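Listed below, chain by chain, are the residues.
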Amino acid sequence: MVNIIFGFIYLSLFSSGEAKDQLEFLKEANPITKEETEERFVSLVNFKETSEIKLAFSGLIRFYQIYVSSQDVPSCNFTLTCSRFTAKAIQEYGAVHGFLMASDRLQRCFGASRKYYPRDPKTGYAIDYPVEAYYIGRSKEKSPLPENLCSEKVNKCRFNR
Amino acid sequence: MKYLKTLFVFTLFLTASLKGENSEEIEYFKPENIRRFADYLFEEKQYARAAGEYQRFLFAADSFPGNTDSIFFKIALCYRFNENYIYSINYFKKIANEYKHSFLLEEAYMGIGLCFSLIDSFEESNKVLKAYFLNEPNVDTRAKQLITLNHIQKKEWDQAREFLNDADPNSRQISLLIGKGENLPKKNRFASGMFSAVIPGSGKYYCDRPMDGFHSFVTTGITTWQAYEGFKEDGLHSVKGWIFGVLGGLFYLGNIYGSVVAADIYNEEQETMFKISVKKYLDENFK
């Protein structure tokens, strides 16, 4: 009996060590730095916002980020996550445009579309154009597409097709 | 021991005498040496520091040396290579305004034209180049090329062709650029939106984003189908029907919105890529 107990203890020690090793390996393979976490879940609610609708929707998105999205692994394909994109779109262009832009973004956020975008070497996520680029009434002169990102994206698309 | 002492004294004497021979100090702040150092920095491509040293040379010299125009020219080049185009233009202008008989005058005007072109002031660039070079009996081919490229960037194709010199060996490359710029592929935002309104996702397919189009079609299709199923089963009181109906509607509208934006982005991407190819040509042939 004692032998069995000691055997279990020995095995548990051994396995915990192995688990620790595995954990270290996982940590090294997937470095999740503090900055990255902050970048993905930064506060989006602008408390100086005077529009109740914008404030309510930003609050809902923040609620989703803290209590829903945090329970799962980061599954969004883009560096500016879809929730952040939506919050920013609502804050800048109002609820109607914001929801339409968010709907478009959700339809672009899937595994196969990832190959059409340049990747962030640090995080491995796809880099999308800034929110302004997807506004229907954008002026090309005031907010043109970022040149570097544009050429990188076009070259990637050409390569993939 | 005595021998060692003699050797020691002799060594001391020898080192002292050698030091005495080489004790001539270098005057680092002498204008000639500042100039030499600036030239060295220029050769080493440390343009920001070189510009500073050339300015220090002008400050250190008692009176402006005879070749001040060439120093101004070097400073202007330093700023241009360092991508400080406004400063560069100012120095080129100094040569153009103050040294009318300088052998660098033509190059200075070319420099002004090129810098204006690099900061996207094509109108200004052409104004300077045309005012100086078109009055000359033999127009510089490079100036003509630059004027052509400015017209290309302003999408003035006919004027660009006017300045294209057939004798110029690069004319074929430039005419290819004109052809490419004239026939840039374009997508109509209205057509894109209409396509997506009829068949969800087809607008994105039209804008060269087939996978996005397919995903839009699937998401809109599935949510709408689920809404239909819900309403079919429980009528207008169906919760499932309303939830999927709202979702489907949002996806459908978002898909139309996204298709219109995709057409705009496609057109702008083509224009940006064309601009990059013209800038690449400028980089390769003028810098």
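Refer to the structure printed above.
Calculation rules
- Residues numbered from 1 in each chain as written.
- Chains lettered and ligands numbered in written order.
- Predicted model: local features only at pLDDT ≥ 70, side-chain atom pairs only at ≥ 80, totals over all residues.
- Heavy atoms only, no water.
- Helix = DSSP H or I, 4+ residues; strand = E, 2+ residues; numbered from the N terminus.
- Buried < 20%, exposed > 50% of the residue type's maximum accessible area, 1.4 Å probe, protein only.
- Contact = heavy atoms within 4.5 Å.
- Axes fitted to C-alpha atoms, helices over the stretch in contact; angles between N-to-C directions.
- Parallel < 35°, antiparallel > 145°, perpendicular 65-115°, else oblique.
- Nonpolar A, V, L, I, M, F, W, Y, C, P; charged D, E, K, R; others polar.
- Buried area = accessible area lost by both parts, 1.4 Å probe.
- Salt bridge = Lys/Arg side-chain N within 4 Å of Asp/Glu carboxyl O.
- Polar contact = N/O pair within 3.5 Å; in protein donor to acceptor, adjacent residues only side chain to side chain.
- Core = buried A, V, L, I, M, F, W, Y, C linked by side-chain atoms within 4.5 Å.
- Arc of directions from axis to C-beta.

> Whenever I open this one, the overall build of chain A confuses me. Can you help?
When its secondary structure is counted, chain A shows five helices and zero strands. From first element to last, N terminus to C terminus, chain A shows the α and β order α-α-α-α-α. Taking all 161 residues of chain A together, the buried fraction comes to 35%. In chain A, the proportion of contacts linking residues at least 24 apart, taken out of those at least 6 apart, comes to 59%.

> Would you take a moment to explain the packing of helix α10 (residues 171-182) of chain B against helix α14 (residues 239-286) of chain B for this structure?
To characterise two packed helices, one gives the angle between the axes of the helices and the distance between these axes. All names here are of chain B. Orientation of α10 relative to α14, taken along the N-to-C sense of each, is 170 degrees, at an axis distance of 11 Å. Classed by the angle they form, the pair α10 and α14 counts as roughly antiparallel. For the pair α10 and α14, contact is made by Gln173, Ile174, Leu177, Lys180 and Gly181 and by Phe274, Ser277, Val278 and Tyr281, respectively. Per-class residue counts for the contact of α10 with α14 are five nonpolar, three polar and one charged.

> Help me understand unusual backbone geometry, please; the structure alone is not making it clear to me.
Trans peptide bonds make up the majority, and among non-glycine residues the majority have a negative phi. All names here are of chain B. The phi angle at Lys45 is positive, at roughly 65 degrees, despite the residue not being glycine. Among the secondary structure elements, Lys45 is positioned in the loop between α2 (31-43) and α3 (47-60). Positive phi outside glycine occurs at Asp120, with the angle close to 65 degrees. You can see Asp120 is positioned in the loop between α6 (105-118) and α7 (122-133).

> Teacher, can you tell me more about the interface of chain B and chain A here?
Accessible area lost when the parts come together is the quantity often used to give the size of an interface. Listed as interface residues are 28 residues of chain B and, on the opposing side, 32 residues of chain A. Ranking the residues of chain B by area buried against chain A places Tyr257, Glu268 and Met273 of chain B at the top, with a combined share of 25%. The interface formed by chain B and chain A includes two salt bridges. With a closest N to O distance of 2.5 Å, Asp104 of chain A and Lys204 of chain B form a salt bridge. Counting across the chain B and chain A interface gives 11 residue pairs in polar contact (both at pLDDT 80 or more). Secondary structure elements with two or more residues in the side of chain B that touches chain A: α13 (210-234) and α14 of chain B. In terms of residue count, α14 of chain B provides more of the side of chain B that touches chain A than any other element does, 17 residues in total. Class assignment of the residues belonging to the side of chain B that touches chain A gives a composition of 11 nonpolar, eight polar and nine charged.

> Looking at this structure, I do not really get the side chain of Thr86 of chain A. What am I missing?
Topologically, Thr86 of chain A is positioned in helix α4 (residues 82-108). Setting aside residues no more than four positions away along its own chain, Thr86 of chain A makes contact with Ile61 and Ala102 of chain A.

> What is the right way to read the pattern of salt bridges from this model?
For side chains bearing opposite charge, pairing can occur when the charged atoms are close. Residue and element names in this part refer to chain B. Evaluated as defined, the whole model comprises 17 salt bridges over all chains. With its nearest N and O atoms 3.5 Å apart, the salt bridge here joins Lys74 to Asp39. Pair noted here: Lys74 is in helix α4 (residues 68-81) and Asp39 is in helix α2, with a separation of 35 residues, a long-range link. Note on Lys74: relative accessible area 22%, which makes it partly exposed. Residue Lys155 pairs with Glu271 through a salt bridge whose shortest N-O separation is 3.4 Å. Taken together, the residues span a long stretch of sequence, with Lys155 in the loop between α8 (141-153) and α9 (157-162) and Glu271 in helix α14 at a distance of 116 residues. For Lys155, a relative accessible area of 46% gives the class partly exposed.

> Looking at this structure, how should I read the nonpolar core?
Generally speaking, a soluble globular protein has its nonpolar side chains buried in company with each other. Ile75 and Ile152 of chain B are the most contacted members of the largest nonpolar core, which has 56 residues in total. Per-element tally for this core: the top contributor is α6 of chain B, with nine residues. Setting aside its immediate chain neighbours within four residues, Ile152 of chain B contacts Trp157, Ala160, Ile174, Leu177, Ile178, Phe274 and Val278 of chain B. Ranked by size, the runner-up nonpolar core spans 23 residues in total, among them Cys82, Tyr134, Leu145 and Leu149 of chain A.

> How do you make sense of the environment of Leu105 of chain B when you look at a structure like this?
Residue and element names in this part refer to chain B. Relative to the assigned elements, Leu105 resides in helix α6. Given a relative accessible area of 10%, Leu105 falls into the buried group. When residues no more than four places from it in sequence are discounted, the contact partners of Leu105 are Ile95, Ala96, Tyr99, Lys100 and Tyr132.

> Got a minute to help me understand helix α11 (residues 189-198) of chain B in this structure?
Residue and element names in this part refer to chain B. What α11 keeps buried is the set Ser192, Gly193 and Ser196. Looking straight down α11, one finds its buried side chains confined to an arc of 95 degrees; they lie on one side. Projecting away from the buried face of α11 at angles above 90 degrees are the exposed residues Phe190 and Val198. The inward-facing, buried residues of α11 contact α12 (202-206) and α14. With a side-chain oxygen positioned 2.8 Å from the backbone nitrogen of Phe190, the residue opening α11 is Asn188.

Keep in mind these numbers describe shape, not what the thing actually does.
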